[in-house]
Amino acid sequence: LRRFYLLPKVHKPQSTWPHPSMPAGRPIVSDCGSESYNICKYINYYLRPLTIKHNSYIKDTYHFVQKVKNAPVRPTHLLVTGDITSLYTNMHIDKILDAVRKLFHKYPDKNRPDDALLKLLHITLTHNDFVFAGKLFLQILGVAMGRSYAPSTADAYMIEFDEKAQQGGYILDLYSRFLDDIFFLFEGTLQQVKQLEDYLNTLIPDIHITLTANTEICHFLDVYVYKHYDCNGNCTLQTRTYFKPTDTHQLLHTHSYHPKHTFSAIIRSQFIRFKRLSSTFEDYKSSSQILTAVLRTR
């Protein structure tokens, strides 16, 4: 049986919690060991390589940093980030199938069983039953976050959104998307950003996005993105590590029964991560001091 559970979003401000002692939860339907587990992995084997071909695709934070670091930018550009509300649970099944069908048509492969994959995808999307509180439910809208192909179908679903967003008369420079998180540069006013948000919310039914614009600095994924001005007045984008306000840096404690080299490897990997995400030594030093202070106290 597939089982439904929630991952509490403890990093969200307490003022947004639906209950004073319980934050909102990320809905997960565990697919492990179910009759469709291997089927979903089989579908994803063919689908994933196609969904990473679009220009706005971002693999992870390092890929994003590689894309934007040292990119020239005008001082008048706004740094805009977008967050799509509940993407997985608001995807219509017929549009998911249509998006995957378009990808198969765009990237033909005679060795790929397109018809069989689409039939299997339809079966698994329309038969996502799960157990919660001793009762049996059937999900009739969206895709379960526990499915192996969930990220791939979300990427395929949003390709149409990416294309229309950049064809609506607005110039969105460095447009990038990591599943339901979006980043781009926008030449305009805050009022025009609001107009753009209204336009984006008309592109695909039930897909709602909230835009946040900043003039000098913003955070996206695991980094701060900020404008840097050199001595000649040239402006470029740079990055440094971003820590969520609720991040307590609770790394593996040294009293844990792990091989001794594990602890030093964890610390080393963190400093390597800071170095890869930081544009300057000062940015790296600042991030390192935050982690070092916490670990010394702990």
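Structure: above.
Since the structure is predicted, the reported quantities are computational estimates derived from the model, not experimental observations.

Student: What am I meant to see in the sheet that holds strand β3 (residues 77-84) here?
Tutor: Sheets are built from strands paired through backbone hydrogen bonds, the pairs being either parallel or antiparallel. Reading across from one edge, β6-β7-β3-β8 is the order of the four strands in this open sheet, with antiparallel pairing throughout. The sheet is open, and its two borders are formed by β6 (172-178) and β8 (209-214), each paired with just one other strand. The sheet shows a mean angle of 20° between the axes of neighbouring strands, direction not considered. Relative to strand β7 (residues 181-187), β3 runs antiparallel, the two being bridged by seven bridges. Each bridged residue has a counterpart across the sheet, and for threonine 81 the counterpart in β7 is phenylalanine 183. Across the sheet, helix α2 (residues 61-68) is in contact with β6 and β7; its angle to β6 comes to roughly 170°. The sheet strands contacting helix α6 (residues 190-200) are β3, β6, β7 and β8, and the helix crosses β8 at an angle near 160°.

Student: Which parts of the structure should I look at to understand the state of the cysteines?
Tutor: Here, the word disulfide means a covalent bond between the sulfur atoms of two cysteines. Scanning the entire structure with this criterion turns up zero disulfides. Among the cysteines around cysteine 218, which has no disulfide bond, cysteine 235 carries the closest sulfur, lying 13 Å off. In this structure cysteine 218 comes out as buried when scored by relative accessible area, which is 4%.

Student: Whenever I open this one, α2 confuses me. Can you help?
Tutor: Along an α-helix, residues three or four positions apart point the same way, because every turn accommodates 3.6 residues. Residues of α2 that are buried include every one of Thr61, Phe64, Val65 and Val68, and no others. For α2, the angular spread of buried residues about the axis comes to 100°, placing them on one side. For α2, the capping residue at the N-terminal end is aspartate 60, with a side-chain oxygen 3.3 Å from the backbone nitrogen of tyrosine 62. Of the residues trailing α2, asparagine 70 is marked for its positive phi of about 70°.

Student: What should I look at first to understand the pattern of salt bridges in this one?
Tutor: For side chains of opposite charge, pairing can occur when their charged atoms come near one another. Evaluated as defined, the whole model comprises 16 salt bridges. Arginine 177 serves as the salt-bridge partner of aspartate 155, at 2.9 Å between the closest nitrogen and oxygen. Note that aspartate 155 is positioned in helix α5 (residues 150-165) and arginine 177 in strand β6, a separation of 22 residues in sequence. Accessibility assignment for this pair places aspartate 155 and arginine 177 in one class, buried. Ionic pairing is found between glutamate 197 and lysine 194, a salt bridge with its closest N-O pair at 3.1 Å. Of this pair, glutamate 197 and lysine 194 both sit in helix α6, separated by three residues, roughly a single helical turn.

Conventions and cut-offs
Residues numbered from 1 in each chain as written. Predicted model: local features only at pLDDT ≥ 70, side-chain atom pairs only at ≥ 80, totals over all residues. Heavy atoms only, no water. Pairing = 2+ DSSP bridges. Helix = DSSP H or I, 4+ residues; strand = E, 2+ residues; numbered from the N terminus. Axes fitted to C-alpha atoms, helices over the stretch in contact; angles between N-to-C directions. Contact = heavy atoms within 4.5 Å. Disulfide = S-S within 2.5 Å. Buried < 20%, exposed > 50% of the residue type's maximum accessible area, 1.4 Å probe, protein only. Arc of directions from axis to C-beta. Polar contact = N/O pair within 3.5 Å; in protein donor to acceptor, adjacent residues only side chain to side chain. Salt bridge = Lys/Arg side-chain N within 4 Å of Asp/Glu carboxyl O.

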